[in-house]
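Summary of the model geometry
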Amino acid sequence: MEIIHKIGRRKTAVARVYLSQGNGTITINNKELNDYFPTATLQYKVKQPFTLTDTTDNYDVKVNVYGGGITGQAEAIRLAISRAMCEVDSENRATLKPEGLLTRDPRMVERKKFGQKKARKKFQFSKR
């Protein structure tokens, strides 16, 4: 099996994932998964496509991720891994699709408008 390259995005985070046959090591920006994402919730999000398809220790993953915060980065990695798993075996799509792992979350930060304090918040109006 050759190396499979996929891209995942979430908010402003962009993750490039390189999936290859291996023993289950996940390297993110040249760091181990546990070092890059210290919380168990984020580690679970990254490993979710493997646990759903029962391929936890079958593939090595090398990730380059930038932009956004740690939650957005974890979800971008999850999307890219899910896309790569669909390319490995098309039957994985039936397991990942109902869980929502193949859907790109379109929600972005709304821009600040001119003449306002924030995107929706206005300046306080005072009558004297």
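The coordinates are above.
The shown structure was predicted, so the numbers you read here are calculated from the model rather than taken from an experiment.

What follows covers unusual backbone geometry. Located in the positive-phi region is K11, a residue other than glycine, with phi close to 55 degrees. Counting through the fold element by element, K11 comes out in the loop between strand 1 (4–10) and strand 2 (13–21). With a phi angle near 60 degrees, N30 is a residue other than glycine that sits in the positive phi range. Counting through the fold element by element, N30 comes out in the loop between strand 3 (26–28) and strand 4 (31–32).

For the rest of this paragraph, the subject is helix 3 (residues 70–88). For helix 3, which comprises 19 residues, the first-to-last C-alpha distance of 27 Å matches the rise-based estimate of 27 Å (1.5 Å per residue) to within 8%. When you tally the buried positions in helix 3, you get 14 out of 19 residues, the bulk of the element.

I28, F37 and I77 are the most contacted members of the largest nonpolar core, which totals 28 residues. Counting residues per element, the ones that place at least two in this core are strand 2, strand 3, helix 1 (33–36), helix 2 (40–53), strand 5 (59–66) and helix 3. No other element matches the eight residues that helix 3 contributes to this core. Setting aside its immediate chain neighbours within four residues, I77 contacts A15, V17, I28, F37, V46, V63 and V65.

Glancing now at the pairing of strand 5. When strand 2 meets strand 5, the two strands line up antiparallel, connected through eight bridges. Residue pairing in the sheet places R16 in a bridge with N64 of strand 5.

Look at helix 2: 20 Å from first C-alpha to last across 14 residues, which is about the 20 Å you get at 1.5 Å a residue. A bend of about 55 degrees at K47 is the largest found in helix 2, and the proline P49 appears one to four places after it. Of the positions making up helix 2, those classed as buried are L42, Q43, K45, V46, Q48, P49, F50 and T53. Taken together, the buried residues of helix 2 touch strand 2, strand 3, helix 1, strand 5, helix 3 and helix 4 (92–96). Where helix 2 terminates, the next one or two residues include D54, which has phi positive at roughly 55 degrees.

All right, on to the packing of helix 2 against helix 3 then. Where helix 2 meets helix 3, the axes come as close as 8 Å, and the angle between the chain directions of the two elements is 15 degrees. The pairing of helix 2 with helix 3 is recorded here as roughly parallel in orientation. The handedness of the crossing between helix 2 and helix 3 comes out as right-handed. When helix 2 is examined against helix 3, the residues L42, K45, V46, Q48, P49, F50 and T53 are found in contact with a partner set consisting of I70, T71, A74, E75, I77, R78, I81, S82 and M85. Tallied by class, the residues present in the contact of helix 2 with helix 3 amount to nine nonpolar, four polar and three charged.

About the criteria used
- Residues numbered from 1 in each chain as written.
- Predicted model: local features only at pLDDT ≥ 70, side-chain atom pairs only at ≥ 80, totals over all residues.
- Heavy atoms only, no water.
- Helix = DSSP H or I, 4+ residues; strand = E, 2+ residues; numbered from the N terminus.
- Expected span 1.5 Å × (residues − 1).
- Buried < 20%, exposed > 50% of the residue type's maximum accessible area, 1.4 Å probe, protein only.
- Core = buried A, V, L, I, M, F, W, Y, C linked by side-chain atoms within 4.5 Å.
- Contact = heavy atoms within 4.5 Å.
- Pairing = 2+ DSSP bridges.
- Bend = angle between axes of the 7 residues up to and from the residue.
- Axes fitted to C-alpha atoms, helices over the stretch in contact; angles between N-to-C directions.
- Parallel < 35°, antiparallel > 145°, perpendicular 65-115°, else oblique.
- Left-handed = near helix turned anticlockwise from the far one by under 90°.
- Nonpolar A, V, L, I, M, F, W, Y, C, P; charged D, E, K, R; others polar.

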